Amino acid sequence: MKSLKFTFFAAIALFLSFAVNAQTNEKSAEPSQITWNEDSYNFGEIEKGVPASHEFTFKNTTDQTILITNVKASCGCTATKNTKTPIKQGETGSITATYNARNPGNFNKSVTVTTNDSEVKKVLRIKGKVVATEDASAPVKGSKQ
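Overview of the structure. (Residues numbered from 1 in each chain as written. Predicted model: local features only at pLDDT ≥ 70, side-chain atom pairs only at ≥ 80, totals over all residues. Heavy atoms only, no water.)

**Quick notes on the overall build of the protein**
(1) Moving on: Counting secondary structure elements, the protein contains one helix and eight strands.
(2) Moving on: N-terminal to C-terminal, the α/β element order of the protein is α-β-β-β-β-β-β-β-β.
(3) Moving on: Counting only residues that meet the buried cut, the protein has 26% of its 145 residues in that class.
(4) Moving on: Across the protein, every contact between residues at least 6 apart in sequence was considered, and the portion connecting residues at least 24 apart equals 65%.
(5) Moving on: A total accessible area of about 10200 Å² is found for the protein, and carbon and sulfur atoms account for 52% of it. (Helix = DSSP H or I, 4+ residues; strand = E, 2+ residues; numbered from the N terminus. Buried < 20%, exposed > 50% of the residue type's maximum accessible area, 1.4 Å probe, protein only. Contact = heavy atoms within 4.5 Å. Areas by Shrake-Rupley, 256 points an atom, 1.4 Å probe, with all protein chains shown as cover.)

Next up, the structure:
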């Protein structure tokens, strides 16, 4: 009878430890508590054909190790690179967004970041204007050569 009681209580203790562990590993519906230095960047005017990059940095100010689980750009014209290793409490990480300045005109793009500590995604923004530079060797409109 003693062994039956012991087995019963051991089973309950094991079940409760799994339930508590499952709750602590769930993602939060609150935004991640990592601290970003900035969440938007304006390149201003950039030259057509010259890719422009900006590094967004953050510090892990949470009480757990952070892992960037996904980084997605809003279009194929923006490439991303990010810290792949786990970021411990107090350490820093980064996301680099590189815009392909192929077409002249204004742009406003986003990069969406997902981390292991929150279901809420962080949106980083880059914007600017691509300007075409005049080619000095090209004939000027209306001139004779």
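From this point, the narrative continues.
**A word on the nonpolar core**
(1) Moving on: Counting 21 residues, the largest nonpolar core has Trp36, Ile46 and Ile95 as its most contacted members.
(2) Moving on: Mapped by element, the contributors of at least two residues to this core are strand 2 (40–47), strand 3 (52–59), strand 4 (68–73), strand 6 (92–99), strand 7 (105–115) and strand 8 (122–131).
(3) Moving on: The contact partners of isoleucine 95, leaving out residues within four places of it in the chain, are Trp36, His54, Glu55, Phe56, Ile68, Val71, Lys81, Asn82, Val111, Val113 and Leu124. (Core = buried A, V, L, I, M, F, W, Y, C linked by side-chain atoms within 4.5 Å.)

**Side note on the sheet that holds strand 1 (residues 35–36)**
(1) Moving on: Spatial strand order, 1-3-6-5: four strands in an open sheet with antiparallel pairing. The sheet terminates laterally at strand 1 and strand 5 (78–82), the two strands that pair on one side only.
(2) Moving on: Pairing geometry for strand 1 and strand 3, over two bridges, is antiparallel. Bridge pairing in strand 3 links threonine 35 to lysine 59. (Pairing = 2+ DSSP bridges.)

**A closer look at the packing of aromatic side chains**
(1) Moving on: Throughout the structure, instances matching the rule amount to four aromatic pairs.
(2) Moving on: Relative to phenylalanine 58, the ring of tryptophan 36 lies with its centre 4.8 Å away and its plane at 50 degrees, an arrangement referred to as tilted. Of this pair, tryptophan 36 sits in strand 1 while phenylalanine 58 sits in strand 3, and the two are 22 residues apart along the sequence. As far as burial versus exposure is concerned, tryptophan 36 and phenylalanine 58 are alike and both buried. (Phe/Tyr/Trp six-rings, centres within 6.5 Å; stacked < 30°, edge-to-face > 60°.)

**Some words on the side chain of asparagine 82**
(1) Moving on: Positionally, asparagine 82 belongs in strand 5.
(2) Moving on: Residue asparagine 82 is classed as buried on the basis of its relative accessible area of 15%.
(3) Moving on: Contact partners of asparagine 82, with chain neighbours within four places excluded, come to Ile68, Val71, Ser94 and Ile95.

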